[in-house]
Amino acid sequence: MKISFQPYQLELKYPFRISGFSRTYTPLMLVKVFHEGYTGLGEASMVPYMGENFETASHFLKQIDLSWMKLPFNYPELRTYLDGIADGNPAIKAAIDIALHDLEGKLNSTPCFRFFGSEQEKMPVTSVTIGIDSPDVIIKKIEEAEFARVLKVKLGSDDDKRLIETIRSVSPKPLYADANQGWTNKEEALDFIYWLKDNGVEILEQPMDKNNIEGNAWITERSPIPILADEAIQRLAGLNKIKGAYHGINIKLMKSAGMHEAFEMIEKARKYDMKVLIGCMSETSVATSAGIALAPLCDWADLDGPFLTNNNPFDNPAFKDGKWLLSNKPGLGIPDNNF
Ligand code: MG
């Protein structure tokens with residue numbers, strides 16, 4: 001089995017701003033695996049705060065030899081192999097895992113979602129993020145997202161109330177909110193969460209610093225809406241540590257090192273009686289399609305990558321009535337002739 005890779009700069013429609021920083025593109029590493037005339041597509045989306053980049057990804061990929069892998073692919077064994085090469089690097093590990101799932105689906109003429117038992121009937125609506133901006137730009141973004149049934153807002157600016165009020169002046173849609181660890185006072189945070197609930201916010205991600213387990217747990221215990229861990233959870237092994245401190249978790253393939261471990265995290269979260277949101281980074285249709293294949297197993301979906309970028313080299317997956325549609329084509333359902 002051979003592997004090839006290519007760096008790609010994914011341009012954002014609008015500069016991405018969350019508490020404390022801003023950027024205009026996301027570096028990707030597009031990965032292909034080849035076997036018996038078939039090609040599997042994978043993707044690493046390397047957002048700066050996660051610490052991966054073109055150099056770390058190339059360095060990692062140059063050490064990979066997948067010639068030992070036999071069908072059906074053994075993903076736990078793959079994980080042991082990849083984690084043995086280096087710790088961390090979850091996005092480039094995800095790219096390899098996604099490419100192998102796509103390849104395995106194509107080799108077996110099976111869509112990836114069937115590997116996990118996903119069904120279209122259980123597909124949640126996906127939210128579309130309205131990033132922090134001036135009121136006129138926010139209103140423009142909301143108009144552009146008219147196809148979405150739920151909007152997501154990034155909080156943590158100086159004027160979160162005005163942001164919500166701006167949205168409410170033009171849209172009655174349900175909102176998901178994300179504080180991105182931006183709040184430092186738990187009592188004030190809780191008061192604000194009640195206000196958010198009154199203004200149609202249904203779930204909230206990561207109110208306080210990821211290391212402040214007690215503060216987040218204090219809020220979770222009292223919150224009228226589900227509180228979800230995002231920055232506080234990356235891979236399966238971390239779930240035990242935050243169990244009980246949040247109502248649920250935000251799983252992203254770029255944190256979980258791919259589809260297989262994301263699936264295991266969903267199963268483990270259910271055992272812990274925790275809810276699951278499946279989220280994404282800035283991604284092309286490749287990684288988003290991998291997320292879509294798992295989304296019906298989750299309570300909520302925030303898979304808006306392809307809506308927020310300018311130069312996705314692949315066609316968007318099918319989308320209808322606020323929901324992604326599972327593709328019945330083999331693998332992830334994406335033709336590989338684009339790159
Ligand atoms: Mg988040």
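Residues numbered from 1 in each chain as written. Predicted model: local features only at pLDDT ≥ 70, side-chain atom pairs only at ≥ 80, totals over all residues. Heavy atoms only, no water.

Engineer: Can you tell me about the overall build of the chain, naming the residues and giving the values?
Structural biologist: In terms of regular secondary structure, the chain is built from 11 helices and 13 strands. Taking 20 Å as the expected radius of gyration for a compact globule of 339 residues, we find that the chain reaches 19 Å, a close match to that expectation. Each of the three principal axes of the chain carries a C-alpha extent, and together these read 60 × 40 × 40 Å. The 339 residues of the chain split such that 57% are buried. (Helix = DSSP H or I, 4+ residues; strand = E, 2+ residues; numbered from the N terminus. Rg over C-alpha atoms; globule rule 2.2 N^0.38 Å. Buried < 20%, exposed > 50% of the residue type's maximum accessible area, 1.4 Å probe, protein only.)

Engineer: Please set out the pairing of strand S4 (residues 127–130) residue by residue, giving values where relevant.
Structural biologist: Covered by surrounding structure in S4 are Ser-127 and Thr-129 together with Val-128 and Ile-130, the residues of both alternating faces. Of the strand pairs in this sheet, S4 and strand S5 (residues 150–154) are connected by 4 bridges, and their pairing is parallel. Bridging across to S5, Thr-129 finds its partner in Lys-152. In the classification by handedness, the crossover that spans S4, the intervening helix H4 (residues 135–144) and the parallel S5 is right-handed. (Pairing = 2+ DSSP bridges. Right-handed = clockwise from strand over helix to strand, strands pointing away.)

Engineer: Which residues make up the coordination of the magnesium ion, and what are the values?
Structural biologist: By definition of the ideal shapes, a tetrahedral metal site with four donors has angles of 109.5 degrees and an octahedral site with six donors has angles of 90 or 180 degrees. In this structure, Asp-178 (OD), Glu-205 (OE) and Asp-230 (OD) serve as the protein donors to the magnesium ion, at separations of 2.1 to 2.2 Å. Written as a sequence motif, the donor residues of the magnesium ion are D-x26-E-x24-D. With Asp-178 in strand S6 (residues 175–178) and Asp-230 in the loop between strand S8 (227–229) and helix H8 (239–242), the pair connects residues that are 52 residues apart, well separated along the chain. Owing to a relative accessible area of 3%, Asp-230 belongs among the buried residues under this scheme. (Donors = N, O, S within 2.8 Å, 3.2 Å for Na, K, Ca; no water.)

Engineer: Describe helix H7 (residues 213–222), with residues and values.
Structural biologist: Considered for burial, the residues of H7 that qualify are Gly-215, Asn-216, Ala-217, Ile-219 and Thr-220. In this fold, the buried residues of H7 make contact with helix H6 (186–198) and S8. (Contact = heavy atoms within 4.5 Å.)

Engineer: Hey, could you go over helix H11 (residues 285–294) for me, with residue numbers and the actual values?
Structural biologist: Across the 10 residues that make up H11, a large majority, 10, are buried. For H11, the complete set of buried residues consists of Ser-285, Val-286, Ala-287, Thr-288, Ser-289, Ala-290, Gly-291, Ile-292, Ala-293 and Leu-294. In the core, the buried residues of H11 are packed alongside strand S3 (38–45), helix H3 (90–107), helix H9 (253–256), helix H10 (259–271), strand S10 (275–278) and strand S13 (323–324). The distance from a side-chain oxygen at the start of H11 to the backbone nitrogen of Val-286 is 3.1 Å, and the residue carrying that oxygen is Thr-284. (Polar contact = N/O pair within 3.5 Å; in protein donor to acceptor, adjacent residues only side chain to side chain.)

Engineer: Provide a residue-level description of the packing of H4 against helix H5 (residues 160–170), including the pertinent values.
Structural biologist: Packed helices, taken two at a time, are described by their axes: the angle between them and the distance between them. Two elements in contact, H4 and H5, have axes whose closest approach is 10 Å; the angle formed by their N-to-C orientations is 45°. With respect to their mutual orientation, H4 and H5 come out oblique. In this structure, the crossing between H4 and H5 has a hand that is right-handed. Contacts between H4 and H5 involve Pro-135, Ile-138, Ile-139 and Ile-142 from the former and Arg-162, Leu-163, Thr-166, Ile-167 and Val-170 from the latter. In the contact of H4 with H5, the residues fall into 7 nonpolar, 1 polar and 1 charged. (Axes fitted to C-alpha atoms, helices over the stretch in contact; angles between N-to-C directions. Parallel < 35°, antiparallel > 145°, perpendicular 65-115°, else oblique. Left-handed = near helix turned anticlockwise from the far one by under 90°. Nonpolar A, V, L, I, M, F, W, Y, C, P; charged D, E, K, R; others polar.)

Engineer: Explain the sheet that holds S8 to me, using residue names and the numbers behind them.
Structural biologist: By way of backbone hydrogen bonds, the strands of a sheet pair with one another, either parallel or antiparallel. As summarised here, the arrangement of the 8 strands in space is S4-S5-S6-S7-S8-S9-S10-S11, forming an open sheet in which the pairing is parallel. A single partner strand is all that each edge strand has here, and the edge strands are S4 and strand S11 (300–301). In terms of strand pairing, S10 meets S11 through 2 bridges, oriented parallel. Across the sheet, Leu-277 pairs through a bridge with Trp-300, a residue of S11.

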